Amino acid sequence: MTQHLKFIILFVFSLSACHISAQSLRKLMERPFGVVESKWETDTQGNQELNYYNEDHCDYYLYRMSDRSYNLTPGKNTIFKIEKNASFDNPFKSASSYKYYRGKFPVNFQINTPYALPVKDGQKTGWQTDPRESVKTLNFRIKEGDLVYATRSGIACKTTNPRQLLVYHADQTFAAYLVMSENFIQPGEEVKVGQPVGKAGPSRVSISFFFLDENKFKGGESSGYPYSHFIPVFRTTEGDIKLKEKTIYQAVVDDELIMQDMSKRDKKKYMKQKNLK
């Protein structure tokens with residue numbers, strides 16, 4: 001092998017490694033700059049408000065160093081108000097540094113909640129552990145360029161890489177879709193289970209499922225990595241099961257799975273539209 005050919009192979013490998021690194025879970029979890037900001041403002045009645053603005057589309061957990069913790073929904077969050085002409089000492093008059101984390105502690109997390117496989121209904125796939133990630137991440141057997149389908153309904157969060165997708169589910173869990181060559185979903189868009197969300201890249205597609213874990217916080221603050229990752233139950237022709245690694249299964253995406261996270265109104269609307277077909 002000539003030195004020139006060796007250089008080309010090394011260069012291609014380096015580009016591939018950079019592409020994978022840029023799509024890592026660590027990179028995805030970097031919060032966009034300025035996504036949470038605080039402001040003292042006066043409302044229309046002349047009251048003073050301490051507001052935190054969450055510019056993302058998912059919840060955030062906020063910890064104020066000299067105060068306590070708060071859950072921030074998307075948009076404006078008023079955490080303190082001083083009535084007009086009130087005569088008392090303002091406990092928030094001194095500035096406080098704060099930390100924030102994407103998500104909030106789940107209240108009704110159920111490990112047996114079924115997910116769809118990231119392929120279309122009836123298609124077969126399997127998974128193996130993605131060795132490039134430091135936490136449990138599932139690399140699914142999907143050909144490069146094939147469609148990747150949403151494993152569960154939710155809302156798309158902001159990410160720093162447009163080829164990555166982070167979906168926030170109704171039970172405060174997340175699904176991070178990595179190493180895709182293309183992402184069809186825009187931040188803030190509602191994602192439906194079984195919906196095409198992107199295309200698999202040269203190293204297929206990897207997905208990590210996780211939540212902000214209260215057990216990793218002490219005194220309102222996390223001292224390390226604040227998330228716990230898990231392998232969900234998937235719906236297959238063999239039932240709702242924990243998949244064995246490197247084993248092939250056939251996907252099932254039925255009405256029950258599609259309507260799982262819908263409101264009663266949306267379920268009624270979905271069934272009405274289906275019956276009209």
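All of the points below concern the structure found in this document. (Residues numbered from 1 in each chain as written. Predicted model: local features only at pLDDT ≥ 70, side-chain atom pairs only at ≥ 80, totals over all residues. Heavy atoms only, no water.)

Focus: the overall build of the chain
The helix and strand tally for the chain stands at four helices and 24 strands. Looking at the chain as a whole, 45% of its 277 residues qualify as buried. For the chain, restricting intrachain contacts to residue pairs at least 6 apart in sequence, the fraction spanning at least 24 positions comes to 63%. A total of about 15100 Å² of accessible surface is found on the chain, and carbon and sulfur atoms cover 51% of it. (Helix = DSSP H or I, 4+ residues; strand = E, 2+ residues; numbered from the N terminus. Buried < 20%, exposed > 50% of the residue type's maximum accessible area, 1.4 Å probe, protein only. Contact = heavy atoms within 4.5 Å. Areas by Shrake-Rupley, 256 points an atom, 1.4 Å probe, with all protein chains shown as cover.)

What to know about the nonpolar core
Judged by nonpolar contacts, the single largest core of 31 residues is most densely connected at L166 and F210. When residues in this core are grouped by element, the largest group, four residues, is from strand 3 (residues 60–64). Discounting residues that sit within four places of it in the chain, F210 has contacts with L25, M29, L166, T173, F174, A176, Y227, S228, H229 and F230. V167, Y177, M180 and F209 belong to the second-largest nonpolar core, a separate cluster that totals 28 residues. (Core = buried A, V, L, I, M, F, W, Y, C linked by side-chain atoms within 4.5 Å.)

Let's talk about the sheet that holds strand 5 (residues 75–82)
The strand order across the open sheet built from three strands is 1-2-5, with neighbouring strands paired in antiparallel fashion. Single-partner strands in this sheet number two, and they are strand 1 (36–42) and strand 5. On average, adjacent strands in this sheet sit at an angle of 25 degrees to one another, irrespective of strand direction. Looking at chain direction, strand 2 (residues 48–54) and strand 5 are connected through seven bridges and run antiparallel. The residue bridging Q48 from the neighbouring strand is I82, located in strand 5. (Pairing = 2+ DSSP bridges. Axes fitted to C-alpha atoms, helices over the stretch in contact; angles between N-to-C directions.)

Points about the environment of F174
Within the secondary structure layout, F174 lies in strand 14 (residues 173–178). F174 gets classed as buried once you look at its relative accessible area, which sits at 0%. Here F174 is in contact with C58, R102, G103, C157, L166, V167, Y168, H169, S208, F209 and F210, once residues within four sequence places are set aside.

Some points on the pattern of salt bridges
Two side chains bearing opposite charge may form a pair once their charged atoms approach each other closely. What the rule picks out here adds up to 16 salt bridges. With a closest N to O distance of 3.0 Å, D171 and R152 form a salt bridge. With D171 in the loop between strand 13 (165–168) and strand 14 and R152 in the loop between strand 11 (147–149) and strand 12 (154–156), the pair connects residues that are 19 residues apart, well separated along the chain. Accessibility assignment for this pair places D171 and R152 in one class, buried. A salt bridge links R152 to D261, with the shortest nitrogen-to-oxygen separation between them at 2.9 Å. You can see R152 sitting in the loop between strand 11 and strand 12 and its partner D261 sitting in the loop between helix 3 (255–258) and helix 4 (264–276), a full 109 residues away along the chain. (Salt bridge = Lys/Arg side-chain N within 4 Å of Asp/Glu carboxyl O.)

Focus: the sheet that holds strand 4 (residues 69–72)
What holds strands together in a sheet is hydrogen bonding between their backbones, with the strands either parallel or antiparallel. Across the sheet, which stays open at both edges, the three strands sit in the order 4-3-6 with antiparallel pairing between neighbours. In this open sheet, the two edge strands, each paired with only one partner strand, are strand 4 and strand 6 (98–102). Across this sheet, the average inter-strand angle for adjacent strands is 20 degrees, counted without regard to direction. Here five bridges tie strand 3 to strand 6, and the two strands are oriented antiparallel to one another. Within the sheet, the bridge partner assigned to L62 lies in strand 6 and is Y100.

Here's the deal with the side chain of N161
Of note, N161 is situated in the loop between strand 12 and strand 13. Here the side chain of N161 touches R163 through a polar contact of 2.9 Å, landing on its backbone nitrogen. (Polar contact = N/O pair within 3.5 Å; in protein donor to acceptor, adjacent residues only side chain to side chain.)

Re the packing of aromatic side chains
The final tally for this structure, using the stated rule, is 21 aromatic pairs. Centroid distance F210 to Y227: 5.4 Å. Interplanar angle 80 degrees. Geometry classified as edge-to-face. One end of the pair, F210, is in strand 18 (residues 205–212); the other, Y227, is in strand 21 (residues 227–230), with 17 residues separating them in the sequence. Assessed through its relative accessible area of 0%, F210 is described here as buried. Counting every residue linked through ring pairs, the aromatic cluster contains F109, Y115, F140, F209, F211, F230 and F234. Between K39 and the ring centre of Y53, over which it is positioned, the NZ or CZ distance is 5.3 Å. (Phe/Tyr/Trp six-rings, centres within 6.5 Å; stacked < 30°, edge-to-face > 60°. Lys NZ or Arg CZ within 6 Å of the ring centre and 35° of its normal.)

Observations regarding unusual backbone geometry
Phi is positive for V179, close to 50 degrees, though the residue is something other than glycine. Tracing the backbone through its elements, the reader meets V179 in the loop between strand 14 and strand 15 (180–183). The class of V179 is buried, set by a relative accessible area of 3%. In the Ramachandran plot, R204 falls in the positive-phi region, its phi being about 65 degrees despite a non-glycine side chain. Residue classification places R204 among the partly exposed residues on the basis of a relative accessible area of 23%.

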